Amino acid sequence: MDVRIEPSWKVLLGDTFEQEYFENLVSFVKQEYKTQKIFPPGRMIFNAFEKTPVENVKVVILGQDPYHGDGQAHGLSFSVLPGMRFPPSLLNILKEIKSDLGKELPPNGDLTRWAQQGVFLLNASLTVRAHNAGSHQGKGWEEFTDQVISRLAATREGIVFLLWGAFAQKKAALIPQDKHLILKAPHPSPLSAHRGFFGSKHFSQANEYLISKGKEPIKW
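Quick caveat, the model's predicted, so the values are computed rather than measured.

## Structural notes on the pairing of strand 5 (residues 160–164)
Piece 1. Counting buried positions over the five residues of strand 5 gives five, a clear majority of the element.
Piece 2. Side chains Val160, Leu162 and Trp164 project from strand 5 onto one buried face, and the interleaved Phe161 and Leu163 project onto a second face that is buried too.
Piece 3. One ladder, built from three bridges, connects strand 2 (residues 59–63) with strand 5; its direction is parallel. Note that in strand 5 the partner of valine 59 across the bridge is valine 160.

What follows is the structure, given as structure tokens:
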């Protein structure tokens with residue numbers, strides 16, 4: 001199956017696009033876009049892959065679902081387009097960066113600047129129905145993104161994986177711990193951020209690790 005995705009990811013994922021589950025997933029997603037309001041816009045489904053080719057990945061931040069409100073999702077986990085209010089989890093992420101690194105909150109919640117530096121902002125599901133959280137879970141996206149994580153982790157070294165919340169932390173099983181840095185914390189949601197996300201200092205730890213591997217740190 002010919003999938004329009006950044007070339008380095010196409011090479012890495014190759015045979016996954018030929019598997020039956022993926023063909024079923026594509027059929028489901030195409031039908032959903034025809035009959036429902038779906039986020040993100042179709043051209044942005046693989047935006048995280050476009051912005052961060054395989055060889056550029058330094059940090060992985062795993063989300064669960066795209067935002068399901070109008071005008072928010074654009075294919076990067078936790079990120080929203082300029083002009084949108086900061087969603088609560090993103091606001092807490094930016095507050096922790098301020099606490100950890102002393103950086104003031106940015107003018108908008110567009111994290112494209114991170115992606116262009118090598119922060120792979122991956123959601124476990126890449127599409128969602130408008131105003132219906134979790135509506136595309138269990139349709140095959142998780143199998144696809146598990147393949148993304150496991151193949152990336154197997155073929156590269158020295159990546160920082162930021163796993164926030166129980167859902168993301170389960171993905172640690174896909175990552176060789178002797179080749180990468182895995183940092184875990186509660187989810188930045190207001191429901192859990194005070195249980196250890198705040199004060200986790202993941203952003204400074206990530207940069208210290210990258211520097212130790214001879215890589216440019218991220219300008220968070």
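Now that the structure has been shown, we can carry on.
## What to know about unusual backbone geometry
Piece 1. Of the consecutive residues phenylalanine 39 and proline 40, the connecting peptide bond is found in the cis state with omega at -5°.
Piece 2. Relative to the elements of secondary structure, proline 40 occurs in the loop between strand 1 (38–39) and helix 3 (47–51).
Piece 3. One non-glycine residue, histidine 131, lies in the positive phi region at around 60°.
Piece 4. Classification of histidine 131 by relative accessible area gives exposed; the value is 52%.
Piece 5. In this structure, lysine 201 takes a positive phi of about 55° despite not being glycine.
Piece 6. Position of lysine 201 among the secondary structure elements: in the loop between strand 6 (181–185) and helix 8 (202–212).
Piece 7. Of the residues examined, lysine 201 reaches a relative accessible area of 38% and is grouped as partly exposed.

## Let's talk about the packing of aromatic side chains
Piece 1. Overall, the coordinates contain 19 aromatic pairs when judged by the stated rule.
Piece 2. Aromatic side chains tryptophan 9 and phenylalanine 49 sit 5.1 Å apart centroid to centroid with 80° between the ring planes, which places their arrangement in the edge-to-face category. Placement of the pair is tryptophan 9 in helix 1 (residues 7–13) and phenylalanine 49 in helix 3, with a sequence separation of 40 residues. Considered together, tryptophan 9 and phenylalanine 49 belong to a single accessibility category, that of buried residues.
Piece 3. Look at phenylalanine 17 and phenylalanine 144: their rings are 6.0 Å apart centre to centre, the planes differ by 40°, and that puts the pair in the tilted class. Separated by 127 residues along the polypeptide, phenylalanine 17 in the loop between helix 1 and helix 2 (20–35) and phenylalanine 144 in helix 6 (residues 141–155) bring together distant segments of the chain. Phenylalanine 144 shares its class with phenylalanine 17; the two are buried.

## Describing the sheet that holds strand 5
Piece 1. With respect to topology, four strands assemble into an open sheet ordered 3-2-5-6, the strand pairing being parallel. The open sheet has two free edges, formed respectively by strand 3 (119–123) and strand 6, since each of these has just one partner strand. Here the strands of the sheet are splayed against their neighbours by 20° on average, with no regard to which way each runs.
Piece 2. Against the sheet, helix 6 engages strand 2, strand 3 and strand 5, with an angle of about 150° to strand 3.
Piece 3. Running at roughly 175° to strand 6, helix 8 makes contact with strand 2, strand 5 and strand 6 of the sheet.

Rules used in this analysis
Residues numbered from 1 in each chain as written. Predicted model: local features only at pLDDT ≥ 70, side-chain atom pairs only at ≥ 80, totals over all residues. Heavy atoms only, no water. Buried < 20%, exposed > 50% of the residue type's maximum accessible area, 1.4 Å probe, protein only. Helix = DSSP H or I, 4+ residues; strand = E, 2+ residues; numbered from the N terminus. Pairing = 2+ DSSP bridges. Phe/Tyr/Trp six-rings, centres within 6.5 Å; stacked < 30°, edge-to-face > 60°. Axes fitted to C-alpha atoms, helices over the stretch in contact; angles between N-to-C directions. Contact = heavy atoms within 4.5 Å.

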